[in-house]
Amino acid sequence: RIAAIARAGTARLCGGKEAVEKRLDKPFAQVTDAELSALLDDAKAREGGYAGPSPLDQQLTATQKKSRIAAIARAGTARLCGGKEAVEKRLDKPFAQVTDAELSALL
């Protein structure tokens, strides 16, 4: 039961069950935990400003993987600061233009 609740919560963070099914082109019941985890990481990376390929679409190069991990960290830091919109409002500029130093200062 707890695992099912966790899977449903992860699906919501990825855009919902229907979005997961559409993205992976299979019923949600057949989606593995690894695939769901990759989708969640991808959603977090995109929230943090990563615009490269999804790990489900192709193998990432070392540089792409490093960029993706940095974007996930930026998204997490933004969430701790009240979200992307709050960061943009406080710094009066788009999130993509916020430097890591400015983001750290907000913490």
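Structure report, in brief. Predicted, not measured: the structure shown is a model, and the values here were computed from it.

Remark: the centre distance and the inter-plane angle together describe each pair of aromatic rings, the angle taken between the planes. Considering all chains together, one arrives at zero aromatic pairs under this definition. Positioned above the aromatic ring of Phe28 is the side chain of Arg7, whose terminal nitrogen or guanidinium carbon lies 4.9 Å from the ring centre. Looking at Arg74, its charged tip hangs above the ring of Phe95, at a distance of 4.7 Å from the centre.

Among the nonpolar cores identified, the biggest contains nine residues, and these are Ala11, Cys14, Val20, Leu24, Phe28, Val31, Leu36, Leu39 and Leu40. Looking at this core, the elements that each hand over two or more residues are helix 2 (17–24) and helix 3 (33–47). Ranked by the residues each element gives to this core, the list is headed by helix 3, at three residues. Apart from residues no more than four positions distant in its own chain, Val31 is found in contact with Arg7, Val20, Leu24, Lys26 and Leu36.

Our next topic: unusual backbone geometry. Positive phi, close to 55 degrees, is recorded for Asp25, a residue that is not glycine. With respect to the element layout, Asp25 can be found in the loop between helix 2 and helix 3.

Criteria and thresholds
Within any chain, residue numbers begin from 1 and follow the written order of that chain's sequence. Residues qualify for local features only when their pLDDT is at least 70, as the model is predicted, and side-chain atom pairs are given and counted only at 80 or more; totals for whole chains, interfaces and linings, by contrast, use all residues. Side-chain numbers come from the whole structure's heavy atoms, not from hydrogens or water. Between the rings of Phe, Tyr and Trp (Trp by its six-membered ring), a pair exists once the centres lie within 6.5 Å; its type follows the angle of the planes, with under 30 degrees stacked, over 60 edge-to-face, and the other angles tilted. The criterion for a charge sitting over a ring is simple: Lys NZ or Arg CZ within 6 Å of the ring centre, and within 35 degrees of the ring normal. Take the buried Ala, Val, Leu, Ile, Met, Phe, Trp, Tyr and Cys residues and link them wherever side-chain atoms come within 4.5 Å; each set so joined is a nonpolar core. Throughout, exposure labels follow a simple rule: accessible area from a 1.4 Å probe, protein chains only, divided by the maximum for the residue type, with under 20% read as buried, over 50% as exposed, and the rest as partly exposed. What counts as a helix is a DSSP run of H or I of at least four residues, what counts as a strand is a run of E of at least two, and both are numbered from the N terminus. By definition in these notes, contact holds between two residues if any of their heavy atoms fall within 4.5 Å.

Keep in mind these values describe shape, not function.
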